[in-house]
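Observations on chain architecture
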Amino acid sequence: FDNRPGVIWYDGEMVPWADAKLHVLSHGLHYGSGVFEGERAYGGVVFKLDEHTRRLHESARILDFEIPYSVEEINAACNALLAEQGLKDAYVRPIAWRGSEMMGVSAQHNRIHLAIAVWEWPSYFDPAQRLKGIRLDIAEYRRPDPRTAPCKSKATGLYMICTISKHAAERKGYADALMFDWRGYVAEATGANVFFVKDGVLHTPTPDCFLDGITRRTVIELSRRRGYELVERHIKAEELSTFSECFICGTAAEVTPVSEIGPHRFTPGEITFNLMNDYLAEVQPKSAAHKQMAAAIG
Ligand code: PMP
């Protein structure tokens, strides 16, 4: 991924993609002092850009550093980069980290860097396959207690357990893994939040030790518009067998139905399909992808 055409926005400049490098003694690499965002542009507009950039700033503050660019400057940089790369439908990845001036756990005065990359990641899917639902493994790692990890920060270091869990799931033929939290409650997938349906009511875990995703909040708003009842609460592992529908949601996943979690089976149904369709209508109204999905849902 490090040798592509085009440019990366790096500390205020457009740098050729292959030259956007950092020093091996960067604090961010050694001690995990990095925060990032994952955003999607649809038709040239980044969905909820301001919310993502504000979360990036907040993530950094939680890790005790301040990004040296304002929210407005970062928003403008994302838009300038999309224009420069000539991309309308793309994934946007800003990342901020502590630099390499001092080595050691303490690095109070190390320079804070910011880079932004954008690349084509069309919401390409085979609608029929996606509608059937994806299969989730049950992760061995658990989301840590908020007293153990800065769980409200989209921090690079918190993704270790996600990568390990996703690799283990993929080796067993699953698409992703569902993680429980340190208490044993259902938490989230490795890069997306989770929702369930039982007797026409939506249930989703209380985000008290994992990211309250921007897509999650959008789905909650969309379900309100539909007049669906939604309960945010702690969900026990034993309850998984009682739900009829399940889906995950996130910037990359959008709304994706789930057909299995370990031994539990779900049948994607009306509520999941309606929210999947409403989400596509919200982010990319009248696009080819939306029309294709709407037609597949019927
Ligand atoms: N949880 C995790 C661990 C994630 O990486 C993501 C993706 N950023 C989400 C949830 C969903 O967040 P969002 O809807 O803001 O993309």
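Each remark here, short or long, concerns the structure printed above.
A few points on the structure. Per chain, the residues get numbers from 1 upward, laid out in the order the sequence is written. Only residues with pLDDT of at least 70 get local features here, since the model is predicted, and only at 80 or more are side-chain atom pairs given and counted; chain-wide, interface and lining totals rely on the full set of residues.

**What to know about the overall build of the protein chain**
Here a helix means four or more residues in a row that DSSP labels H or I, a strand means two or more in a row labelled E, and each is numbered from the N terminus. Secondary structure assignment for the protein chain yields eight helices and 16 strands. Only C-alpha atoms enter the radius of gyration, while the globule expectation follows 2.2 Å times N to the 0.38, with N the number of residues. Taking 298 residues into account, the globule formula puts the C-alpha radius of gyration at 19 Å, and the protein chain, at 20 Å, falls close to it. Seen through its principal axes, the protein chain has C-alpha atoms that stretch 55 × 45 × 35 Å. Exposed residues have 12 or fewer other C-beta atoms within 10 Å of their own C-beta, buried residues have 20 or more, and partly exposed residues fall in between, where C-beta atoms are placed from the backbone. Buried residues in the protein chain amount to 36% of all 298 residues.

**Here's the deal with the site of the ligand**
In the neighbourhood of the ligand, 14 residues make up the surrounding shell, with G213, I214, T215, G250 and T251 lying closest. For the shell around the ligand, the element with the most residues is helix α6 (residues 214-226), which contributes three residues. Put simply, Ala, Val, Leu, Ile, Met, Phe, Trp, Tyr, Cys and Pro go in the nonpolar bin, Asp, Glu, Lys and Arg in the charged bin, and everything else, Gly too, in the polar bin. Among the residues making up the shell around the ligand, the classes are represented as five nonpolar, seven polar and two charged. Placing a C-beta atom from the backbone of each residue, we mark the residue near a molecule or strand if the atom is within 6 Å of it.

**Thoughts on the nonpolar core**
Counting residues in hydrophobic clusters, the biggest one holds 63 residues, and the most contacted among them are L178 and V258. Looking at this core, you find at least three residues from each of domain 1 (7-119) and domain 2 (127-297). What makes a nonpolar core is a set of buried Ala, Val, Leu, Ile, Met, Phe, Trp, Tyr and Cys residues, with links drawn between C-beta atoms within 7 Å. Per the annotation, domain bounds derive from an automatic or database assignment of domains.

**Some points on the packing of α6 against helix α7 (residues 270-283)**
Angles shown run from 0 to 180 degrees and are taken between the N-to-C directions of axes, each axis being a line fitted to C-alpha atoms and, for helices, limited to the stretch in contact. It is at 10 Å that the axes of α6 and α7 come closest, and there the two elements cross at 110°. Here α7 runs roughly perpendicular to α6, going by the angle between their axes. The way α6 lies across α7 gives a crossing that is right-handed. Residues T218, V219, L222, S223 and R226 of α6 form the contact with α7, whose participating residues are N274, L275, D278, Y279 and E282. A breakdown of the residues in the contact of α6 with α7 according to their chemical character gives four nonpolar, three polar and three charged. Here roughly perpendicular refers to angles of 65 to 115 degrees, roughly parallel to angles under 35, roughly antiparallel to angles over 145, and oblique to all remaining angles. A crossing counts as left-handed when the near helix is turned anticlockwise from the far one by less than a right angle, and as right-handed when that turn is clockwise. Note that contacts rest on C-beta atoms placed from the backbone: two residues are in contact if these are within 7 Å.

**Re helix α5 (residues 160-171)**
With twelve residues, α5 extends 17 Å from end C-alpha to end C-alpha; this agrees with the ideal 16 Å at 1.5 Å per step. Those residues of α5 that fall on the buried side of the exposure criterion are S165, K166 and A169. All buried residues of α5 project into a common sector of 100° when viewed along the axis, lining one side. Across α5 from its buried face, at more than 90 degrees, point the exposed residues M160, T163, H167 and R171. Taken together, the buried residues of α5 touch β8 (134-143) and β9 (176-181). Just downstream of α5, G173 is the residue with a positive phi angle, here 90°. The length a helix should cover is 1.5 Å for every residue beyond the first. Note that the arc is computed from the directions linking the helix axis to the C-beta atoms.

**Description of the environment of H167**
Inspection of the secondary structure assignment puts H167 in helix α5. Between the C-alpha atom of H167 and that of A177, which follows or precedes it by ten residues, the distance is 9.0 Å.

**Details of unusual backbone geometry**
Peptide bonds are, in most cases, trans, and in most cases residues other than glycine have a negative phi. Unusually for a residue other than glycine, D11 sits at a positive phi of about 50°. The phi dihedral of K48 falls on the positive side, at around 55°, and the residue is not glycine. The class for K48 is partly exposed, based on 19 C-beta atoms found within 10 Å.

Limitation: the analysis is restricted to geometry and does not speak to function.
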